[in-house]
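Results of the structural survey
Next come the chains, spelled out residue by residue.
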There are 6 protein chains.
Amino acid sequence: MVSIDYLLNLIREDAPFGDVTSETIIPDIGCNARISAEQPAVIAGLSEASALFRYFEVGVDELIPDGSLVRRGDTLMTLHGPAKKILLVERTALNIIGRMSGIATTTREFAELVHRVNSSCRVAATRKTCPGFRELDKKAVSLGGGDTHRSNLSDGILIKDNHLAIVSLDEAIALAQSRSRCYKIEVEVETREDAVRAAQSGSDIIMFDNMTPRQVQDSLDALTQKGLRDNVIVEISGGIDVSTIVEYAALDVDVISIGALTHSVKNIPVHLEIMPLKK
Amino acid sequence: MVSIDYLLNLIREDAPFGDVTSETIIPDIGCNARISAEQPAVIAGLSEASALFRYFEVGVDELIPDGSLVRRGDTLMTLHGPAKKILLVERTALNIIGRMSGIATTTREFAELVHRVNSSCRVAATRKTCPGFRELDKKAVSLGGGDTHRSNLSDGILIKDNHLAIVSLDEAIALAQSRSRCYKIEVEVETREDAVRAAQSGSDIIMFDNMTPRQVQDSLDALTQKGLRDNVIVEISGGIDVSTIVEYAALDVDVISIGALTHSVKNIPVHLEIMPLKK
Amino acid sequence: MVSIDYLLNLIREDAPFGDVTSETIIPDIGCNARISAEQPAVIAGLSEASALFRYFEVGVDELIPDGSLVRRGDTLMTLHGPAKKILLVERTALNIIGRMSGIATTTREFAELVHRVNSSCRVAATRKTCPGFRELDKKAVSLGGGDTHRSNLSDGILIKDNHLAIVSLDEAIALAQSRSRCYKIEVEVETREDAVRAAQSGSDIIMFDNMTPRQVQDSLDALTQKGLRDNVIVEISGGIDVSTIVEYAALDVDVISIGALTHSVKNIPVHLEIMPLKK
Amino acid sequence: MVSIDYLLNLIREDAPFGDVTSETIIPDIGCNARISAEQPAVIAGLSEASALFRYFEVGVDELIPDGSLVRRGDTLMTLHGPAKKILLVERTALNIIGRMSGIATTTREFAELVHRVNSSCRVAATRKTCPGFRELDKKAVSLGGGDTHRSNLSDGILIKDNHLAIVSLDEAIALAQSRSRCYKIEVEVETREDAVRAAQSGSDIIMFDNMTPRQVQDSLDALTQKGLRDNVIVEISGGIDVSTIVEYAALDVDVISIGALTHSVKNIPVHLEIMPLKK
Amino acid sequence: MVSIDYLLNLIREDAPFGDVTSETIIPDIGCNARISAEQPAVIAGLSEASALFRYFEVGVDELIPDGSLVRRGDTLMTLHGPAKKILLVERTALNIIGRMSGIATTTREFAELVHRVNSSCRVAATRKTCPGFRELDKKAVSLGGGDTHRSNLSDGILIKDNHLAIVSLDEAIALAQSRSRCYKIEVEVETREDAVRAAQSGSDIIMFDNMTPRQVQDSLDALTQKGLRDNVIVEISGGIDVSTIVEYAALDVDVISIGALTHSVKNIPVHLEIMPLKK
Amino acid sequence: MVSIDYLLNLIREDAPFGDVTSETIIPDIGCNARISAEQPAVIAGLSEASALFRYFEVGVDELIPDGSLVRRGDTLMTLHGPAKKILLVERTALNIIGRMSGIATTTREFAELVHRVNSSCRVAATRKTCPGFRELDKKAVSLGGGDTHRSNLSDGILIKDNHLAIVSLDEAIALAQSRSRCYKIEVEVETREDAVRAAQSGSDIIMFDNMTPRQVQDSLDALTQKGLRDNVIVEISGGIDVSTIVEYAALDVDVISIGALTHSVKNIPVHLEIMPLKK
């Protein structure tokens, strides 16, 4: 739930000294407008766009909820209010909808690939988001059917290779447990041996980082043999894309996390069309 | 020049209640680290990353300046300081460098395509940036050799189709001139007739929006015939990509603006490796 | 368009721990009030004052729009709402109206002097505004009929003597053109020779700084002889006041910029009178 | 003591997207510079300007302290550091020094007029300051030898005519005393009778608002006759200027408050000159 | 009067990335709720809680005003609106009401003890408040019938032992008087001699710090003998608690200030109960 | 890790218009000072106090680390720097240390009681903190040896009675699992039957709310009989104090959470003593 203050700062970014053009050439009149999609997509960002338009006293009719699948040309919302205000908010609103819809659409595509071969496996995001836009990037993943994973460094313990360059795995897990019993503890491993040790030490999630499908299978086998498989959630991460995800998903894994969901976004093109009131 | 406050807000986004993991498991020791690129790129974001590390009292050796072309595996900067601080800043710094380098690299690719056929034509960005990251998106375009175009609604007059749905072209230009003589006036047109009228009315830049190369050529011819071509800058915009840009660039145009430079970014993968001090 | 947050910060400045007096001695009752001018003026700041009163749930009747010319004693707006809220906002609202009206009134006076002798010449402001109040100072200039000139260092290129102490004029203009084709390029000159060189190098505006009317005339003649006059906007700046402006305006110049419009403001006295409701 | 954050916001106002000119045309070199006054003045704002330059890693030599009297042409401070940073801060720093010095200089002029006829009477400011610049306006008054009076609505009780339109004088004072014994209670009066009642009710300061010198004298006589004069501080306010202040000051009053000190400021012209390093 | 922005920051503290639980498991339905006290108390914080609920579009019926005395189980307010919003605000609202009511209740207890033996003596707070919550701590004291004393370092002059380690008492008072005649001047003393000197030098309030009842009586006698008692307000401070306050209050003192009112608060337990709408 | 901005806001709360007293009466000299404890305590808040003093260029010698146990009179840190700056920061620093040390000391007392009878059971805090001071309240709990529990609504799923008034337990847990596999899921129960159901549904933590020791024992027995005890963490909560905690701790429970750790804090008295430099 991003705050209206957060959203207004995005307007301020696009108009630190106002909208020079509209203030100068547009009269104080009302108009109608509509926002539509230029290609099929899972749409996200509508509630943020609405909040902005409403803040500036533009009436909004939300024709579909966030998370909807739309076709090319579908209208997402209609607007009616002061022309200057609609023009002020236009670009910011479209940028929000465009990026979030891009993320939601890609997340859904990956999730559908995975679910064909493994109905219980989740597609998850990482913290590789656009700086300053984290919460909305994560929300878009959720609207696309993905798992949001950690929001940030404050809401979970994840012990990675750079930590293990400094402390040992056992020590790290023991310290993590002493902090609080309220966080899950996740450990990144690169070998089958470390996977077993992490599970034995009491970690809740084991992330297999940059391992081949065969290495993943070997590690899963080792966990199963030791009776550890049911105690842990298994996450796969590292360079997974459309061409490789199905092979990983076919294994007995719980989560596949994909940085590209948020670090390499292709915006869905959306546009706003002003329709002047008849006189 | 983004402020340190702006950059610290990005850290706060990634650690609103601190870095639970490192605070809990990492001792108060110093270490070395290096950041390197995982593929060839035009690198940007190093000065922002440096500012963040330095704010947290991490020493930084910048091995290359922003805008440099690097190969796969090249080291971008080395760090030395408290391990907890390096780990706190890591992800935010990498997200900044990754996105900005992605933009700079793509900008350079487009610019090189254009310059092969038209050495005076500029590749320009639009306002289709990631909300909250505008200034750094624009800076990355500049580091890649692009033209930043308008930063926002406050620093130039650009009369678009949505404005012209409300006021006439002539009225719009007259009002714009009355506001201030300090702004350039740009007008978006879709036909050859409007191009001529815009130039006659005194606009400084004419943006040909979503026109085919043939339509652009016709409009340029009309401007030339009326003796108006030298009075205006001609910009092409709308759905231009790698496959079409050369055909447009070969025409006598001044600027080609491309939303995808910033709305559909593919991050350059960069990573940070901790190297503990020998004991 | 300043934001409500900006305006609320001004209230916070006047009441960081509340309005001790009214909170203590004023009961929770409603009242009427009116704001009036104590001398003839071009009024500005009404929309900002209204926004503040409305934020605190005070009803506002705006009797005149910003930019209106009023006589001594004219009522500017009437208010009706909680007495404590009206008293909380009173001083901040009056300070805004007083300063902005002072600027608008002076701008109009200068503009009228100029237009008697040169109907196409604009009176413009500078960046010599009260720190923290820039946007409203500029808006007041606009309401008084002036040209707002650059809002800030981000929205135009202006090459001044301090820049030219470091780089040459030709180099400066070449670099400026390489940044973006979207900004006008203005150059400050002090001699007729530099005026010609600036025009030849491609600058859009030439500012004649601290030159006598005779020097200005000589420079204009030089530009005309070289056929450069029509390519550039000519701006006069530096120590111009009521006694000298007409002489400058009578020359063929386009813009006269005057720091005193915003750096030496005489507030228009306005006051607010509470009228308790009859019982 | 304004914070560095406050000062940086003033830079942000002047460069929301950076200093386009200097970033584009100025190389990464160091230079010297000096700031000097263009007319005699009591100088203020140097410590704020220094803090800003230092924040941007520009070395500062403060040649005189705030509050100093200078002659035309005197150097106020010298600077040495990155040219781009000096140019970024220049206008904001000069605007601060110019306004604060204008206020300090005028305050001193009024104070000297008063002290010739009444050595114990103070010249005081009001809350009629430039919105957003209150603390520095008040500091400038203090540097000019004036009394800062209430900073804002939170730091003293002042019962004015608009309050007395709602509650009676006696009730107001009784309520004020019940709030806290830590605030002085000031009452604005317009008649001799109210002056006596205010003193009898226990107010600490009586402000005679818009009264003629004769009315003031009559009121003072009445207070003296009732043995109340020594219990209260007497303040004169309302439309006092250079032509009338001496007549008021010659009476037995303690404070003369003057809105014009801060609501109608004439900036002291100061400028900054870049001196490139010899090569 | 704390601002809504201030209150929203408290929500942000409790939900920097939203309310994960309610967003995930609670449908978009409305409900009713009520807030009640779990023990007898003087209630404070209701207006702040209401403002927060209303901001999130929850309807509020305030059944009692702030400052009311309630019994165990009494309902303080009822709510009706979106369940997710009520759950988002719940903890923050209860924390505010709980703490403020704790302070108001304790203040009232002390005030009642004092008033049994000295009806004109006030119980006052200090600046020993919870950092970041000062204004509401002070407001709670006021609602409990206490004197808020200085809000902060900006709204009164209080010369303490640490100041007097650097400047002499006479010098300190003389300097304080030169700053402004609008502040009361308070001096902290530890001996009868200093009490007399402070009163003679013109201080308005004398704070007897950490003195026994007998030492206080001696000092009051000395002030009376010199005819100074009526010129000053006498405040007692330092380690006063329930067991000692009556003995001090029985002396002829004006104010007793107690840090524990705000530095050692015991929250009043209050809870919120959701009542789903009947279907 | 609270930011320096956060800490500076606390100074701003105590000095919105500066420190009137010290600015007026204290010369620009340096001094030494020391901060000491007035009673035995576990000390916390030193690193925050140091950061503030250092920001204002006061030198700090930290004699002990946060978390240390001190005796009455022990010096916590010594300071050396400008007297005005030390006095500006004094009260804010002492308020931080006083509150945090109060929390750390009480946490340790509870933890010691618990560990005498159950060495693996943790004492945990709740979200009943002082609004605006959450992160430091939690840090103080950690320094006292406690478990910080959820920081806020964003970092864990906790299904409470108010949620279960709207959705069923099974549905709630199913939805929570669908959100992300990265959060632990905690459920509050009030009966033995619900405890069993929660464990069977897959919750990670079961909080027994306001149950008697006998009810807790019964519920634990039921979990054990069903073979569910080892799958869940058991937390006890609700009205636990010094007189009852040992009885609960003696049962086989994992966490005992206590709101009073942070909602009913008794500050540790600490003071700062200025020691002027010898001349």
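Residues numbered from 1 in each chain as written. Chains lettered and ligands numbered in written order. Predicted model: local features only at pLDDT ≥ 70, side-chain atom pairs only at ≥ 80, totals over all residues. Heavy atoms only, no water.

1. As for the overall build of chain A
Along chain A, the regular secondary structure elements total eleven helices and twelve strands. With respect to the principal axes defined by its C-alpha atoms, chain A has extents near 80 × 40 × 25 Å. Taken over 279 residues, chain A has a buried fraction of 61%. Accessible surface for chain A amounts to roughly 10,100 Å². Of this, 49% is attributable to carbon and sulfur atoms. (Helix = DSSP H or I, 4+ residues; strand = E, 2+ residues; numbered from the N terminus. Buried < 20%, exposed > 50% of the residue type's maximum accessible area, 1.4 Å probe, protein only. Areas by Shrake-Rupley, 256 points an atom, 1.4 Å probe, with all protein chains shown as cover.)

2. What to know about the environment of His 149 of chain D
With respect to the element layout, His 149 of chain D can be found in the loop between helix H5 (134–143) and strand E7 (157–159). Of the polar contacts made by the side chain of His 149 of chain D, one reaches the side chain of Glu 235 of chain D; its length is 2.8 Å. (Polar contact = N/O pair within 3.5 Å; in protein donor to acceptor, adjacent residues only side chain to side chain.)

3. As for the side chain of Asp 155 of chain A
Among the structural elements, Asp 155 of chain A can be located in the loop between helix H5 (134–143) and strand E7 (157–159). Nearest to the buried, unbridged Asp 155 of chain A among oppositely charged side chains is Arg 150 of chain A, at 5.2 Å. Here the side chain of Asp 155 of chain A touches Ser 151 of chain A through a polar contact of 3.2 Å, landing on its backbone nitrogen. What Asp 155 of chain A contacts, discounting residues up to four positions off in sequence, is Arg 150 and Tyr 183 of chain A together with Ser 154, Asp 155 and Tyr 183 of chain F. (Lys, Arg positive; Asp, Glu negative; His and termini not counted. Salt bridge = Lys/Arg side-chain N within 4 Å of Asp/Glu carboxyl O. Contact = heavy atoms within 4.5 Å.)

4. Focus: the relation of the copies chain D and chain C
Structural alignment of chain D on chain C gives an RMSD of 0.0 Å, achieved by rotating through 180° and translating 0.0 Å along the axis. The superposition operator between the copies reduces to a two-fold rotation axis. In this assembly the copies share their binding face: 100% of the residues contributing to the interface of chain D also contribute to that of chain C. (Least-squares fit on C-alpha atoms with pLDDT ≥ 70 in both.)

5. Remarks on the interface of chain D and chain C
Facing the 61 residues of chain D at the interface are 61 residues of chain C. A buried area of about 5,200 Å², summed over both sides, lies between chain D and chain C, and 59% of it is on carbon and sulfur atoms. At the surface where chain D touches chain C, the tally comes to six salt bridges. Between Arg 127 of chain D and Asp 14 of chain C there is a salt bridge, with the nearest N and O atoms lying 2.5 Å from each other. Across the contact surface, chain D and chain C share 37 residue pairs in polar contact (both at pLDDT 80 or more). Counting only elements with at least two residues in the side of chain D that touches chain C, the list comes to helix H1 (4–14), helix H2 (20–25), helix H4 (83–117), H5, E7, helix H6 (161–164), helix H7 (169–179) and strand E12 (270–276) of chain D. Top element by residues in the side of chain D that touches chain C is H4 of chain D. It accounts for eight residues. Taken together, the residues of the side of chain D that touches chain C sort by class into 31 nonpolar, 15 polar and 15 charged. (Buried area = accessible area lost by both parts, 1.4 Å probe. Nonpolar A, V, L, I, M, F, W, Y, C, P; charged D, E, K, R; others polar.)

6. Considerations on the sheet that holds strand E3 (residues 59–62) of chain F
The strands making up a sheet associate through hydrogen bonds between their backbones, and the pairing can be parallel or antiparallel. Residue and element names in this part refer to chain F. If you walk across this open sheet you meet the four strands as E3-E5-E1-E12, and the pairing is antiparallel. Looking at strand neighbours, the two that pair on one side only are E3 and strand E12 (270–276), the edges of this open sheet. Pairwise comparison of adjacent strand axes, ignoring direction, gives a mean angle of 20° for this sheet. Pairing of strand E1 (residues 30–37) with strand E5 (residues 75–82) involves seven bridges; the strand directions are antiparallel. Bridge pairing links Arg 34 to Thr 78 in E5. Packing of helix H3 (residues 46–55) onto the sheet brings it into contact with E1, E3, E5 and E12, and relative to E5 it is tilted by some 5°. (Pairing = 2+ DSSP bridges. Axes fitted to C-alpha atoms, helices over the stretch in contact; angles between N-to-C directions.)

7. What about helix H9 (residues 213–225) of chain F?
In this model, H9 of chain F (13 residues) spans 18 Å end to end at C-alpha, consistent with the 18 Å of a helix rising 1.5 Å per residue. All of the buried residues in H9 of chain F are Pro 213, Val 216, Ser 219, Leu 220, Ala 222 and Leu 223 of chain F. (Expected span 1.5 Å × (residues − 1).)

8. Some details on the packing of aromatic side chains
This structure, assessed with the given rule, holds six aromatic pairs over all chains. Relative to Phe 56 of chain B, the ring of Tyr 55 of chain B has its centre 5.2 Å away and its plane inclined at 80°; by these criteria the two rings are edge-to-face. (Phe/Tyr/Trp six-rings, centres within 6.5 Å; stacked < 30°, edge-to-face > 60°.)

9. Digging into the sheet that holds strand E5 (residues 75–82) of chain E
Residues and elements named next belong to chain E. Strands sit in the order E3-E5-E1-E12 across an open sheet of four strands; the sheet is antiparallel. Two strands bound the open sheet, and with one partner strand each, they are strand E3 (59–62) and strand E12 (270–276). Mean inter-strand twist for the sheet, computed between neighbouring axes without regard to direction, equals 20°. In the packing of helix H3 (residues 46–55) onto the sheet, contacts are made with strand E1 (30–37), E3, E5 and E12, and the angle to E5 comes to roughly 5°. Packed onto the sheet, helix H4 (residues 83–117) meets E1, E5 and E12 and runs at close to 160° relative to E12.

10. Side note on the pattern of salt bridges
Scanning the entire structure with this criterion turns up 96 salt bridges over all chains. Glu 188 of chain A is paired through a salt bridge with Lys 160 of chain A; the nearest N and O atoms lie 3.9 Å apart. With Glu 188 of chain A in strand E8 (residues 185–189) and Lys 160 of chain A in the loop between E7 and helix H6 (161–164), this residue pair connects regions lying 28 residues apart in the sequence. Assessed through its relative accessible area of 6%, Glu 188 of chain A is described here as buried. We note a salt bridge from Arg 229 of chain E to Asp 254 of chain E, for which the minimum N-O separation is 3.1 Å. Of this pair, Arg 229 of chain E sits in the loop between helix H9 (213–225) and strand E10 (233–237) while Asp 254 of chain E sits in the loop between helix H10 (245–249) and strand E11 (255–257), and the two are 25 residues apart along the sequence.

11. What about the pairing of strand E9 (residues 205–209) of chain C?
Residue and element names in this part refer to chain C. Taken across its five residues, E9 has five buried, putting it largely inside the fold. The sheet contact formed by strand E8 (residues 185–189) and E9 spans four bridges and is parallel. Pairing of Val 187 across the sheet is with Ile 206, part of E9. Viewed along the sheet, the connection from E8 through helix H8 (residues 192–201) into E9 turns out right-handed. With five bridges joining them, E9 and strand E10 (residues 233–237) adopt parallel strand pairing. When the bridges of E10 are listed, Asp 209 appears paired with Ser 237. In this fold, the crossover linking E9 to E10 by way of helix H9 (residues 213–225) has right-handed handedness. (Right-handed = clockwise from strand over helix to strand, strands pointing away.)

12. So, unusual backbone geometry
A positive phi angle, near 55°, is found at His 149 of chain A, a position not held by glycine. A positive phi angle is found at Asn 210 of chain F, which is not glycine, with a value near 55°. Looking at the element boundaries, Asn 210 of chain F is found in the loop between strand E9 (205–209) and H9. Residue class for Asn 210 of chain F comes out exposed when judged on its relative accessible area of 55%.

13. Observations regarding helix H7 (residues 169–179) of chain F
Inspection of H7 of chain F places Leu 169, Ala 172, Ile 173, Ala 176 and Arg 179 of chain F among the buried residues, and these make up the whole buried set. Taken around the axis of H7 of chain F, the buried residues stretch over an arc of 115°, which confines them to a single face. For H7 of chain F, the elements touching its buried residues are strand E6 (122–124) of chain A, helix H2 (20–25) of chain E together with strand E7 (157–159), helix H6 (161–164), strand E8 (185–189) and helix H8 (192–201) of chain F. (Arc of directions from axis to C-beta.)

14. So, the side chain of Asn 152 of chain C
Relative to the assigned elements, Asn 152 of chain C resides in the loop between helix H5 (134–143) and strand E7 (157–159). Reaching out from Asn 152 of chain C, the side chain makes a polar contact with the backbone nitrogen of Ser 154 of chain C at a distance of 2.8 Å. If we skip the residues at most four places from it in the chain, Asn 152 of chain C touches Phe 17 of chain A, Arg 127 and Arg 134 of chain C together with Glu 13, Asp 14, Ala 15 and Pro 16 of chain D.

15. Here we look at the environment of Ile 258 of chain B
All names here are of chain B. Along the chain, Ile 258 turns up in the loop between strand E11 (255–257) and helix H11 (260–263). For Ile 258, a relative accessible area of 2% gives the class buried. Distance from Ile 258 to Gly 239, taken between C-alpha atoms, is 7.3 Å for residues 19 residues apart in sequence. Apart from the residues lying within four places of it in its own chain, the contact partners of Ile 258 are Phe 110, Val 123, Ala 124, Ala 125, Thr 126, Ile 240 and Ile 245.

16. A word on the confidence of the model for chain A
The predicted coordinates of low-pLDDT regions are not to be read in fine detail. When pLDDT is averaged along chain A, the result is 95; 99% of the residues meet or exceed 70. The ipTM value of the predicted complex is 0.96, and its pTM value is 0.94. (pLDDT = per-residue confidence, 0-100.)

17. So, the state of the cysteines
Following the criterion strictly, the structure yields zero disulfides over all chains and no others. The thiol of Cys 121 of chain D is unpaired, and the distance to the nearest cysteine sulfur, on Cys 182 of chain E, comes to 13 Å. (Disulfide = S-S within 2.5 Å.)

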